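If you want the building blocks of each chain, they are given just below.
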Amino acid sequence: MTNNIRSSFVAQGTATSEADRDAYKLRGLMPAVVETLEKQATRAFEQLRNKTSDLEKYIFLAWLRNTNTRLFYKLVMDSPEEIMPLIYTPTVGAACVNYSHIYPFLGPNGNFDGLFISIDDLPIIDQIIENYKNSLPSSEISPDIAVVTDGSRILGLGDLGVGGMGIPVGKLQLYVAAAGIDPRKTLPICLDFGTNNQKNLDDPLYIGLRRNRPEDPEFYQAVDTVLASLNKAFPKMLIQFEDFSSEHAFELLDRHRERYLSFNDDIQGTGAVILSGFINAVREVGIPAKQHKLLFFGAGSAGVGVAKQIMDYFVLEHGMTEDEAKRLFWLNDSKGLVTLDRGDKLAQHKVYFARDDNEGKQFKDLKETIKHVRPTALIGLSSQGGVFTPEILELLAEINERPIVFPLSNPATQAECSFEQAMIHTKGKVLFASGTAFPRYKDEQGVEHVPGQGNNMYIFPGLGLGAILARPSRITDTIIYASAAALADSLTENERKSHLLYPRIDRIREVSAVVAAAVCRQAVKENLATEPEILSILPVGETAEVGTPAWDELIKHVEGNMWKPVYETEIISRM
Ligand code: NAD
């Protein structure tokens, strides 16, 4: 019990009641005052705001999380616009780069960030998992979700080795804040399989394995071993793969998605969130869906992944065949329009969308390509900052009453255009979503316009919560599609009137509940849900359309399961 009372999940600091101070022999170990959570938050905000750099703020917040978890989440949820950029992007990038240098400041009081699984420790993996179980504040607790990375492709920063731990830690904080997943049941995992980053290898303070990463056969075998042991210990746990190098990410997902409850946010979460913005853009444009033509500038893993996800929309919602839907897409890579007769050997993932109707002509220049295709939507995933020039934007606005322009590359310096440029050069006609947050734009009449942001946070927390509550045996493409469709439908009348493509981010908990409920409903529809509570609310074969009592019941159940940062008077309920 003494260990538990010091756990960051249980700790209430100066809010510990008089009775608990007596019962748990805490008198004298803290000042005599008994404060509220609100008062503590005021002090914590003051301390945070006195820090002079974002990295210092990150370190302070990490310390707070590992000291008093509820107070930490109170801050996140009271001021998400201020705190989220400090605990996740962009600050988390600096934290990951500097992880080996800031590490001693993380995890005082014996708390730790998550599970570090070294490739050398695989023979004792079961013992490692047992150690983790013993560290939990109560034997009743079992993790609901693990975010797993090997640190090999952290954001746009490349191979950061064990420094990648900052990402599962940060991402799971967003699951808690945005969807109310119980923080005690979140498990960040960093697979320490070495690093190919010479800077890490040369850094005397680097805290990961100081050797190169293994070859593919050993890599896949090692991940298989870890996942099998985790599944044995926690058979119901959801696994979210994160920031693996692109060549491993697709393969890992294919290998494990049927075997374990799992998904990859970089691939499926991104696809779903962009699809959702596209659905709302199509509604705004008002021309029949089948008349849309989409030009993708950038045909890498993100470009092709997003294109495939959007294709589902034409097939599932508009009854097109796969072949008909595919004909609405044109891809453009660094060599120009992707055609079958371009003369170079196309990478396998591009062949699917390669055009055969170019009549022998090749298009290298974006302007020429636009004149040829006459796209209704231009989607940038090329990392080529500024390529959607004023001329390109003007041309799109000439062709379309409401052009759809999604410059999705990250960070802002790599975005194909900014919101301001898109608004100015289309004379305010654009339907816009970006991969990075752009400021609002005030037009000449003084009216403020809000840019859409295809932020994965609209999808993964709700998708995770829905998967935890329904526990389908696997996460199918149609479950992912359902999450995107629910997000698209979650706009309020006011948001639609303001022509937004995504809901306002301050409604994120509400939106996550809707996404989670839609995931549960789809899991039941596909007869994959296994959680009795969900099946009693929505038996297999029954429907729950939005606006019906069955849907309301589902939402009530989801909301009732969302964790909130409040203090409990009974210590036992905090364990
Ligand atoms: P990638 O390297 O796999 O693909 C880049 C693509 O751009 C390639 O097809 C390449 O040929 C093409 N390209 C490069 N230079 C070009 C040029 N001059 N003209 C035309 N095409 C060119 O990268 P990726 O993983 O697909 O990511 C691409 C971008 O998408 C990144 O900036 C990433 O941050 C962004 N992204 C955003 C989101 C989001 O908004 N949620 C999600 C995923 C990726």
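Here is what the cut-offs are and how they apply
- Residues numbered from 1 in each chain as written.
- Predicted model: local features only at pLDDT ≥ 70, side-chain atom pairs only at ≥ 80, totals over all residues.
- Heavy atoms only, no water.
- 1 Å grid on protein atoms, 1.4 Å probe; cavity = no way out; pocket = protein on both sides within 12 Å on 5 of 7 lines; lining within 4 Å.
- Points joined across faces, edges and corners; volume = space filled by probe spheres on them.
- Helix = DSSP H or I, 4+ residues; strand = E, 2+ residues; numbered from the N terminus.
- Nonpolar A, V, L, I, M, F, W, Y, C, P; charged D, E, K, R; others polar.
- Axes fitted to C-alpha atoms, helices over the stretch in contact; angles between N-to-C directions.
- Parallel < 35°, antiparallel > 145°, perpendicular 65-115°, else oblique.
- Contact = heavy atoms within 4.5 Å.
- Core = buried A, V, L, I, M, F, W, Y, C linked by side-chain atoms within 4.5 Å.
- Buried < 20%, exposed > 50% of the residue type's maximum accessible area, 1.4 Å probe, protein only.
- Salt bridge = Lys/Arg side-chain N within 4 Å of Asp/Glu carboxyl O.
- UniProt positions renumbered as here; feature names shortened; annotations may be inferred.
- Near = heavy atom within 4 Å.
- Polar contact = N/O pair within 3.5 Å; in protein donor to acceptor, adjacent residues only side chain to side chain.
- Areas by Shrake-Rupley, 256 points an atom, 1.4 Å probe, with all protein chains shown as cover.
- Pairing = 2+ DSSP bridges.

An unreviewed UniProt entry lists the protein chain under the name Malic enzyme, with Basidiobolus meristosporus CBS 931.73 as the source organism.

Colleague: Got a minute to help me understand the layout of surface pockets in this structure?
Modeller: Empty space left among the atoms is revealed by rolling a probe the size of a water molecule over them. Space inside the second largest pocket adds up to approximately 800 Å³. Lining the second largest pocket are 33 residues, and of these Ala482, Ala485, Asp489, Arg521 and Glu545 sit closest to its centre. Those elements giving two or more residues to the lining of the second largest pocket turn out to be α14 (265–285), α15 (301–318), α22 (477–489), α24 (508–525) and α26 (549–560). Residue contributions to the lining of the second largest pocket peak at seven residues, all from α24.

Colleague: Before we go on, may I ask you to explain empty space enclosed by the protein in this structure?
Modeller: Tallied over the full model, the rule gives two cavities of 30 Å³ or more. For the largest cavity, the full set of lining residues is Leu227, Leu230, Asn231, Phe234, Met237, Ile239 and Tyr260. If one sorts the elements of the lining of the largest cavity by residue count, helix α12 (residues 216–233) sits on top with three residues. Partitioning the lining of the largest cavity into residue classes produces six nonpolar, one polar and no charged. A volume near 30 Å³ is recorded for the second largest cavity. Tyr58, Leu61, Ala62, Arg65, Ile87, Gly166, Val169, Gly170 and Gln173 are the residues that line the second largest cavity. If you list the elements that add at least two residues to the lining of the second largest cavity, you get α4 (54–65) and α10 (166–179). Grouping the constituent residues of the lining of the second largest cavity by class yields five nonpolar, three polar and one charged.

Colleague: Hey, could you run me through the packing of helix α5 (residues 69–78) against helix α6 (residues 80–87) in this one?
Modeller: Packed helices, taken two at a time, are described by their axes: the angle between them and the distance between them. Direction vectors running N to C along α5 and α6 enclose 120°, while the axes themselves pass 6 Å from each other. With respect to each other, α5 and α6 are oriented oblique. Note on element contacts: α6 touches α5 through Pro80, Ile83, Met84 and Ile87, opposite Phe72, Leu75, Val76, Met77 and Asp78. When the residues that make up the contact of α5 with α6 are grouped by side-chain class, the tally is eight nonpolar, no polar and one charged.

Colleague: Got a minute to help me understand the nonpolar core in this structure?
Modeller: In this structure, Phe278, Leu294, Phe296, Ile310, Phe314, Phe329 and Phe406 are the most contacted members of the largest nonpolar core, which totals 123 residues. Per element, the largest residue contribution to this core is 11 residues, and it comes from α24. Not counting chain neighbours up to four residues away, the residues in contact with Phe296 comprise Gly303, Val306, Ala307, Ile310, Phe329, Trp330, Leu331, Asn332, Ile379 and Leu381. In terms of nonpolar packing, the next biggest core, distinct from the first, is built from 34 residues, Leu187, Ile189, Ala222 and Val226 among them.

Colleague: When you look at the pattern of salt bridges in this model, what are you seeing that I'm missing?
Modeller: Pairing between side chains becomes possible if they bear opposite charge and their charged atoms approach one another. One pass over the full model with this rule turns up 37 salt bridges. Across the salt bridge formed by Arg49 and Glu82, the nearest N and O atoms sit 2.7 Å from each other. Here the residue Arg49 occupies a position in helix α3 (residues 37–49), and Glu82 occupies one in helix α6, the gap between them amounting to 33 residues. The class of Arg49 is partly exposed, set by a relative accessible area of 47%. The exposure class of Glu82 is partly exposed, given its relative accessible area of 26%. A salt bridge links Arg153 to Asp243; the nearest nitrogen and oxygen atoms lie 3.1 Å apart. One end of the pair, Arg153, is in the loop between β2 (145–149) and α10; the other, Asp243, is in the loop between β4 (238–241) and α13 (246–256), with 90 residues separating them in the sequence. With relative accessibility at 27%, the residue Arg153 sits in the partly exposed group. For Asp243, a relative accessible area of 2% puts it in the buried group. Taken together, the shared-partner salt bridges in this structure form one network comprising Asp333, Lys335, Arg342, Asp344 and Lys350.

Colleague: I would appreciate a short explanation of the UniProt feature "binding site: (S)-malate" (unreviewed entry) in the protein chain in the present structure.
Modeller: Taken from the UniProt record, the annotation "binding site: (S)-malate" (unreviewed entry) applies to Arg153, Asn410 and Asn455. Position of Asn410 among the secondary structure elements: in the loop between β10 (404–407) and α20 (419–425).

Colleague: Explain the site of the ligand to me, please; I cannot follow it from the model alone.
Modeller: Looking at the ligand, there are 21 residues lining it, with Ala299, Gly300, Ala302, Asp333 and Ser383 nearest. At 2.9 Å from an oxygen atom of the ligand is found a main-chain nitrogen or oxygen belonging to Ala302. When the ligand sits alone it has 860 Å² of accessible area, and the protein chains cover 72% of it. Those elements giving two or more residues to the shell around the ligand turn out to be α15 and β7 (329–333). In terms of residue class, the shell around the ligand is made up of five nonpolar, 15 polar and one charged.

Colleague: I'm lost on unusual backbone geometry in this one. Help?
Modeller: Among all residues save glycine, negative phi is the norm, and among peptide bonds the norm is trans. Between Thr89 and the following residue, Pro90, the backbone shows a cis peptide bond with an omega angle of 5°. Tracing the backbone shows Pro90 in the loop between α6 and α7 (91–97). Notably, Lys25 is not glycine yet its phi reads approximately 55°, a positive angle. Mapped onto the elements of the fold, Lys25 is located in the loop between α2 (18–23) and α3.

Colleague: Quick question: what am I supposed to make of the sheet that holds β10 here?
Modeller: By definition, the strands of a sheet pair up through backbone hydrogen bonds, in either a parallel or an antiparallel sense. If you trace the seven strands from one edge of the open sheet to the other, you get β8-β7-β6-β9-β10-β11-β14, paired in mixed fashion. Strands with a single pairing partner mark the edges of an open sheet, and in this sheet they are β8 (336–337) and β14 (452–453). Judged from the four bridges that link them, strand β9 (residues 377–380) and β10 form a sheet pairing that is parallel. From the neighbouring strand, Gly380 faces β10, where its bridge partner is Pro407. Across the face of the sheet, α15 comes into contact with β6 (294–297), β7 and β9 while running at roughly 165° to β6.

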